[in-house]
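Listed below are the residues making up each chain.
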Number of protein chains: 2
Amino acid sequence: MIQVKDNTSKFNDDQILISHGDGGAKTGELIKNLIFNFLGNSILEKMEDSAVLKINSDKIAFTTDSFVVKPIFFSGGDIGKLSICGTLNDISCSGAKPLYLSLSFIIEEGFQTKELAKILKSMKSVLDEVSVPVVTGDTKVVEKNNIDKIFINTSGVGAVPPGLEISPLNIKPKDKIIINGSIADHGISVLTSRENFGFKGIKSDCAPLSIMIEEVLKTGSGIHAIRDATRGGLASVLNEFSEISNYQFKIYEELIPVNKKVYAICEFLGLDPLYIANEGKMVLFVDPKDANQVLATLKNNRYGRNSVIIGEVENTRDSVVIMKTKIGTNRIIDRFYSEQLPRIC
Amino acid sequence: MIQVKDNTSKFNDDQILISHGDGGAKTGELIKNLIFNFLGNSILEKMEDSAVLKINSDKIAFTTDSFVVKPIFFSGGDIGKLSICGTLNDISCSGAKPLYLSLSFIIEEGFQTKELAKILKSMKSVLDEVSVPVVTGDTKVVEKNNIDKIFINTSGVGAVPPGLEISPLNIKPKDKIIINGSIADHGISVLTSRENFGFKGIKSDCAPLSIMIEEVLKTGSGIHAIRDATRGGLASVLNEFSEISNYQFKIYEELIPVNKKVYAICEFLGLDPLYIANEGKMVLFVDPKDANQVLATLKNNRYGRNSVIIGEVENTRDSVVIMKTKIGTNRIIDRFYSEQLPRIC
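Along every chain, residues carry numbers that run from 1 in the direction the sequence is written. Working convention: letters from A go to chains and numbers from 1 go to ligands, in the order in which they are written. Since the coordinates come from a predicted model, pLDDT governs what is reported: local features require at least 70, and pairs of side-chain atoms require 80 or more to be given and counted, while whole-chain, interface and lining totals use all residues. To get the side-chain values, take all heavy atoms of the structure and skip hydrogens and water.

## Points about the overall build of chain A
Cut-off, in case you're wondering: Secondary structure elements follow DSSP: runs of H or I of four or more residues count as helices, runs of E of two or more count as strands, with numbering from the N terminus. Restricting the calculation to C-alpha atoms gives the radius of gyration, and the globule rule supplies 2.2 Å times the number of residues raised to the power 0.38. Between buried and exposed lies partly exposed: a residue is buried under 20% and exposed over 50% of the maximum accessible area for its type, with that area taken using a 1.4 Å probe on protein chains only. Throughout, a contact is declared for two residues whenever any of their heavy atoms are within 4.5 Å. Here the open area of atoms and residues is found with the Shrake-Rupley method and a 1.4 Å probe, where only the protein chains shown may cover a residue. Under the counting rule used here, the positive set is Lys and Arg, the negative set is Asp and Glu, and His together with the chain ends is not counted. Lys charges are placed at NZ, Arg charges at CZ, Asp charges at CG and Glu charges at CD.
Counting secondary structure elements, chain A contains 8 helices and 14 strands. The C-alpha radius of gyration of chain A comes to 20 Å, within 12% of the 20 Å expected for a compact globule of 345 residues. Across its three principal directions, the C-alpha atoms of chain A cover 55 × 50 × 45 Å. Out of the 345 residues belonging to chain A, those deemed buried represent 61%. The contacts of chain A with a sequence gap of at least 6 include a subset with a gap of at least 24, amounting to 82%. Carbon together with sulfur atoms contributes 48% to the accessible area of chain A, which is approximately 13,300 Å² in total. Seen as two clouds, the 40 positive and the 42 negative side-chain charges of chain A have centres 5 Å apart.

What follows is the structure in structure tokens.
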């Protein structure tokens, strides 16, 4: 037995729980109180979706994600499309241009070749759209019942344009908060594809945002921060950015786009769409003088048609997100404690 | 149902089998006849362990590997040490200096925190030794029985020194073939850790070779190609390099180091050590005028003490590896058909 130093004293759980992997508070505990005790360093501890790194004279973005979504095929996408979009979006939200992806499959013995081909086809379709190649890969197969069908890891490398710095640290009072369309579509699509609720027709928003981000970055220097609103939904990104920037944010419920059907399902199940995962939505923090041009540029792209300003940064030093509700009250949008739907990515 | 084009006609298996992930002939079929149909491009199709890529003025190496070894703790290492060493070695064998790693966990619900801490500790120990940081990560947890304990993906980025080109395409007649010590230790360690054979004391050779490779590259330009001999063992690397370089190789059985105990277990089980996985062994192809200096440099490093010349490249255009046996006959060392031991990495 290897003796482990008592660095784990702040991590109080004897066992790893589902919530340690849902991107919420328990995941934060696992990462900060256990993983960082061993592997912590100034870059990793920034906890950005992409690490921004120096290689000689160049600045690169580097990111990784493993995908375990269940079911692997859902309305509007599948684990293949998801794994490519997720990694592309993480690179792009750091301001970098995605250049190269890696792809690693872990497959269950007996998995149908036909299904693998469908997954590969949908990966190819996204890769062709953004012109980014998979350049290195790995394939492992494990015995039946040792894995649930197929897990996919994609890592990626991008180039950060010289002089560009997109970071929640750059958020300023009066910045407009923009989202590129309706929230909660991905989570609800996966949920309804999983269970036979009788709800149909909810399509995941899973999409590669890279080209749209490139377009919008060309509009000038007014874009201070971008983040895709995946696990934990819109509420989690806003909370994280409010915490990092130490400014209070105000958003308006009536401005936040939610598809009618998605809203109805959330009402019915008691889910809050603000906390439901997206896979093709990002939040942008933009200088007010540039907000309209940014909005116009987003609306010009197929993934940004329904872009809208949903709120702004207030001139108050505080880590809090406040939503003005439709009935006129102010609601504090808490950091979520635990993901409502497991295995949505 | 998404209709898939009939690009899969050359891939004849309806289901994914264990052998499609063992690094042998069936894995080659899956990659070339199915995956490349969708994702193929000139870089990926080189099938190098690391892709060598351009980012502006810099050349980087980029690699990925998922680790599913069973058991996760074995004599001489664990899945944590393995996942760091494997990716470091893949980067270094391309001639690059490893700079940054990513780390992605997929963990089974209920996994013991104590065991995760042991894994993290052994990762830290290797990372400290080579001074390479983990800069980005991801953690997913899946329900009990949906995965066998823990799978780890590590990807990595390295910088290729300007002007350096290490490639099997550079192999030349009369090159000396060098290995840095005994073969088959890793595979036999995992096997004997898994089953209760009564054989004990076989330690995996799992080790980070990065610093030793840096040292040896400083000796000059005589190093033509390097590859770590992992899945498929020494025989597979030699076959692959003979195929790429289109030169015949000759090796000498009496020169190939095999630990006595490992040899005995292989004899007993009918396993051929030439085809058993290593995780701390690499093969170098070196200009004969530089071979002695390279050997001396290797022997100076703790992971190269038992380095030895095991053969040479012949002046014959042919993709074949011939071993002169201890009894004086010539044996053709075939490309192996299928890994003898599954889940060794």
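So, next bit.
## Concerning the relation of the copies chain B and chain A
What counts, and what does not: Superposition of the copies was done by least squares, using only C-alpha atoms of residues whose pLDDT is at least 70 in both.
Placing chain B over chain A gives an RMSD of 0.0 Å and needs a rotation angle of 180 degrees, together with 0.0 Å of translation along the axis. What the rotation and shift describe, once combined, is the action of a two-fold rotation axis. Closest to the rotation axis within chain B is the C-alpha of B:Ile147, separated from it by 2.0 Å. Both copies contact each other with a shared surface, as 100% of the interface residues of chain B are interface residues in chain A too.

## Comments concerning the packing of helix 5 (residues 210–217) of chain A against helix 8 (residues 288–299) of chain A
Packed helices, taken two at a time, are described by the angle their axes make and the gap between the axes. All names here are of chain A. Keep this limit in mind: Simply put, an axis is a line fit to the C-alpha atoms, just over the touching stretch for a helix, and the angle between two N-to-C directions goes from 0 to 180 degrees. Angles below 35 degrees are treated as roughly parallel, those above 145 as roughly antiparallel, those between 65 and 115 as roughly perpendicular, and all remaining angles as oblique. By definition, any crossing whose near helix is turned counterclockwise from its far helix by less than a right angle is left-handed, and any crossing with a clockwise turn is right-handed. Residue type decides the class: Asp, Glu, Lys and Arg count as charged, Ala, Val, Leu, Ile, Met, Phe, Trp, Tyr, Cys and Pro as nonpolar, and the leftover types, Gly among them, as polar.
Look at helix 5 against helix 8: their axes get within 9 Å of each other, and the N-to-C directions meet at 150 degrees. The orientation of helix 5 with respect to helix 8, classified from their angle, is roughly antiparallel. Where helix 5 crosses over helix 8, the handedness of that crossing is right-handed. Contacts between helix 5 and helix 8 involve Met212, Glu215 and Val216 from the former and Val294, Thr297 and Leu298 from the latter. Residues of the contact of helix 5 with helix 8, tallied by class, amount to 4 nonpolar, 1 polar and 1 charged.

## Regarding the interface of chain B and chain A
The figure often quoted for interface size is the accessible area lost as the parts come together. Selection criterion: Note: buried area is the sum, over both parts, of the accessible area (probe 1.4 Å) each one loses when the two are combined. Any carboxyl oxygen of Asp or Glu within 4 Å of a side-chain nitrogen of Lys or Arg constitutes a salt bridge here.
At the junction of the two partners, chain B supplies 88 residues and chain A supplies 89 residues. At the boundary of chain B with chain A, total buried surface from both sides reaches about 7,600 Å², with 66% on carbon and sulfur atoms. When residues of chain B are sorted by the area they lose upon contact with chain A, B:Ile16, B:Phe62 and B:Lys140 head the list and together hold 9% of the total. For the interface between chain B and chain A, the tally reads 8 salt bridges. In this structure, the salt-bridge partner of B:Glu143 is A:Lys70, at a minimum N-O distance of 3.8 Å. Only helix 1 (25–39), strand 1 (51–55), strand 2 (58–67), strand 5 (97–108), helix 3 (113–130), strand 6 (134–142) and strand 7 (150–159) of chain B provide two or more residues apiece to the side of chain B that touches chain A. Among the elements that take part in the side of chain B that touches chain A, strand 5 of chain B stands out by supplying 10 residues, more than any other. Considering only residue class, the side of chain B that touches chain A consists of 44 nonpolar, 24 polar and 20 charged.

## Overview of the sheet that holds strand 13 (residues 321–324) of chain A
Residues and elements named next belong to chain A. Convention followed: Any two strands are treated as partners once DSSP identifies two or more bridges connecting them.
Sheet architecture is open: 7 strands sit in the order 9-11-8-12-10-13-14, paired in mixed fashion. Looking along the sheet, the strands with just one partner apiece sit at the ends: strand 9 (223–228) and strand 14 (330–332). Strand-to-strand twist of the sheet, defined as the mean angle between neighbouring strand axes without regard to direction, takes the value 25 degrees. Contacts between helix 5 and the sheet are confined to strand 9 and strand 11 (282–286), with strand 9 contributing the most and set at about 170 degrees to the helix.

## Digging into the packing of helix 2 (residues 79–92) of chain A against helix 3 (residues 113–130) of chain A
Residues and elements named next belong to chain A. Their axes nearest at 7 Å, the elements helix 2 and helix 3 cross at an angle of 30 degrees. Classified by the interaxial angle, the pair formed by helix 2 and helix 3 is roughly parallel. Contacts between helix 2 and helix 3 involve Ile79, Gly80, Lys81, Ser83, Ile84, Cys85 and Leu88 on the former and, on the latter, Ile119, Ser122, Met123, Val126, Leu127 and Val130. Considered class by class, the residues forming the contact of helix 2 with helix 3 number 9 nonpolar, 3 polar and 1 charged.

## Overview of the pattern of salt bridges
Throughout the structure, instances matching the rule amount to 40 salt bridges over all chains. The salt bridge involving A:Glu29 is made with A:Lys26; its shortest N-O contact spans 3.9 Å. On the criterion of helical spacing, the pair formed by A:Glu29 and A:Lys26 is a turn pair, its members being 3 residues apart in helix 1 (residues 25–39). A relative accessible area of 30% places A:Glu29 in the partly exposed class. Between B:Glu129 and B:Arg302 there is a salt bridge, and its shortest N-O distance comes to 3.8 Å. Pair noted here: B:Glu129 is in helix 3 and B:Arg302 is in the loop between helix 8 (291–299) and strand 12 (308–313), with a separation of 173 residues, a long-range link.

## So, the packing of aromatic side chains
The line we're drawing: Pairing of aromatic rings covers Phe, Tyr and Trp, the last through its six-membered ring, and needs centres within 6.5 Å; plane angles under 30 degrees mean stacked, over 60 mean edge-to-face, and all others mean tilted.
Taken as a whole, this structure holds 5 aromatic pairs over all chains when the rule is applied. Aromatic pair A:Phe62 and B:Phe62: ring centres 6.2 Å apart, planes at 85 degrees, arrangement edge-to-face. Pair noted here: A:Phe62 is in strand 2 (residues 58–67) and B:Phe62 is in strand 2, and the two residues belong to different chains. Classification of A:Phe62 as buried rests on a relative accessible area of 0%. Geometrically, the ring pair formed by B:Phe241 and B:Phe285 is tilted, given 5.6 Å between the ring centres and 50 degrees between the ring planes. Taken as a pair, B:Phe241 in helix 6 (residues 233–245) and B:Phe285 in strand 11 (residues 282–286) lie far apart in primary sequence, 44 residues in all. Just as B:Phe241 is buried, B:Phe285 falls in that class too. Among the aromatic residues, ring-to-ring pairing joins A:Phe241, A:Phe249 and A:Phe285 into one connected group.

## So, the environment of A:Phe241
All names here are of chain A. Accessibility expressed as a relative area gives 0% for Phe241, which makes it buried. Separated by 107 residues in sequence, Phe241 and Val134 place their C-alpha atoms 31 Å apart. In this view, Phe241 contacts Pro168, Ile171, Ala225, Ile226, Arg227, Asn246, Phe249 and Phe285; residues no more than four positions away in its chain are not counted.

## A short note on helix 2 (residues 79–92) of chain B
This is how it is decided: By definition here, a helix of n residues has an expected span of 1.5 Å times n minus one. The term polar contact refers here to a pair of N or O atoms within 3.5 Å; inside protein, the definition further demands a hydrogen-donor-capable atom paired with an acceptor-capable atom, and it admits residues adjacent in sequence only when both atoms are side-chain atoms.
Over its 14 residues, helix 2 of chain B extends 20 Å from the first C-alpha to the last, a length consistent with the 20 Å expected when each residue adds 1.5 Å. Where helix 2 of chain B starts, the residue carrying a side-chain oxygen 2.7 Å from the main-chain nitrogen of B:Gly80 turns out to be B:Asp78.

## A look at the side chain of A:Ser210
All names here are of chain A. Inspection of the secondary structure assignment puts Ser210 in helix 5. A residue is classified by how much of its surface remains accessible, and Ser210, at 3% relative accessible area, is buried. Of the polar contacts made by the side chain of Ser210, one reaches the side chain of Ser92; its length is 3.1 Å.

## A word on a nonpolar patch on the surface
The following threshold applies: Only residues whose relative accessible area exceeds 30% and that form no salt bridge enter a patch; like-charged residues are grouped when within 9 Å of one another, and nonpolar side chains (Val, Leu, Ile, Met, Phe, Trp, Tyr) when within 5 Å.
A cluster of nonpolar side chains, contributed by B:Phe197, B:Phe268 and B:Leu269, occupies part of the molecular surface with about 300 Å² of accessible area. A relative accessible area of 31% means that B:Leu269 is categorised as partly exposed.

## Some points on the domain arrangement of chain A
Rules: What counts as a domain boundary in this text is fixed by an automatic or database domain assignment.
Parsing chain A into structural domains produces domain 1 (1–47) and domain 2 (168–332). Computed over C-alpha atoms only, the centres of domain 1 of chain A and domain 2 of chain A are separated by 29 Å.

## Observations regarding helix 6 of chain B
Residue and element names in this part refer to chain B. For helix 6, which comprises 13 residues, the first-to-last C-alpha distance of 19 Å matches the rise-based estimate of 18 Å (1.5 Å per residue) to within 8%. The element helix 6 is largely enclosed, with a buried count of 10 among its 13 residues. Within helix 6 the residues assigned to the buried category are Gly233, Leu234, Ala235, Ser236, Val237, Leu238, Asn239, Phe241, Ser242 and Ser245. The elements touched by buried residues of helix 6 are strand 8 (176–179), strand 9 (223–228), strand 10 (249–252), strand 11, strand 12 and strand 13 (321–324). With its phi angle positive at about 60 degrees, Asn246 sits one or two positions after the end of helix 6.

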